[in-house]
Amino acid sequence: MDFDTLDGLVKLAVLHHSPKIVFEYGNPPSIQINDKMHEVEMQVLFPEDLDKILEHFLTSEQIASFRSNKCLEADCGKGEAFNKQYLIHMRAQYDSDNLPVITINVIYKNCNP
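## Some thoughts on the environment of Asn-98
Line of reasoning, step 1. Looking at the secondary structure, you find Asn-98 in the loop between β5 (84-94) and β6 (100-109).
Line of reasoning, step 2. Placed 28 residues apart in sequence, Asn-98 and Lys-70 show a C-alpha to C-alpha distance of 8.8 Å.

Written out as structure tokens, the structure reads:
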């Protein structure tokens, strides 16, 4: 997974007013639309994809904290797409198989209806 794909998923979330994108090993990314999770038509994710997601949104200190504490919540930046300003909030934790599950919450500010 490359950075353009990650940024494209965030823009897709903004386009659909989605508050959530979920990344987990063995599944394609999922996006929440109208209170229901939908898989994005992409390849399933591998551990190295999840590492790239962490590296894209988090600092090296945040990644180290996540790996040692097994859980992290962090504000990861802001952006603008489709005339909507938003903040990115990430929650990362390890599942029962010790693989990361990453949830990105898109928090909208000053949205146009």
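The discussion continues.
## Brief notes about helix α2 (residues 47-57)
Line of reasoning, step 1. If you check which residues of α2 are buried, you get Asp-49, Leu-50, Ile-53, Leu-54 and Phe-57. Seen end-on, α2 carries its buried residues on one side only, within an arc spanning 140°.

## A closer look at the pairing of strand β2 (residues 30-33)
Line of reasoning, step 1. Residues Ser-30 and Gln-32 point to one face of β2 and Ile-31 and Ile-33 to the other, with burial holding for every one of them.
Line of reasoning, step 2. Across 2 bridges, the pairing between strand β1 (residues 20-24) and β2 is antiparallel. Bridge pairing in β2 links Val-22 to Ser-30.
Line of reasoning, step 3. What sits between the antiparallel neighbours β1 and β2 is a turn of 5 residues, in which Gly-26 has the positive phi angle 85°.
Line of reasoning, step 4. As defined by bridge partners, β2 adjoins strand β3 (residues 36-39) across 4 bridges and the pair is classed as antiparallel. Its bridge partner lying in β3, Ser-30 is registered against Glu-39.

How each quantity is defined
Residues numbered from 1 in each chain as written. Predicted model: local features only at pLDDT ≥ 70, side-chain atom pairs only at ≥ 80, totals over all residues. Heavy atoms only, no water. Helix = DSSP H or I, 4+ residues; strand = E, 2+ residues; numbered from the N terminus. Buried < 20%, exposed > 50% of the residue type's maximum accessible area, 1.4 Å probe, protein only. Arc of directions from axis to C-beta. Pairing = 2+ DSSP bridges.

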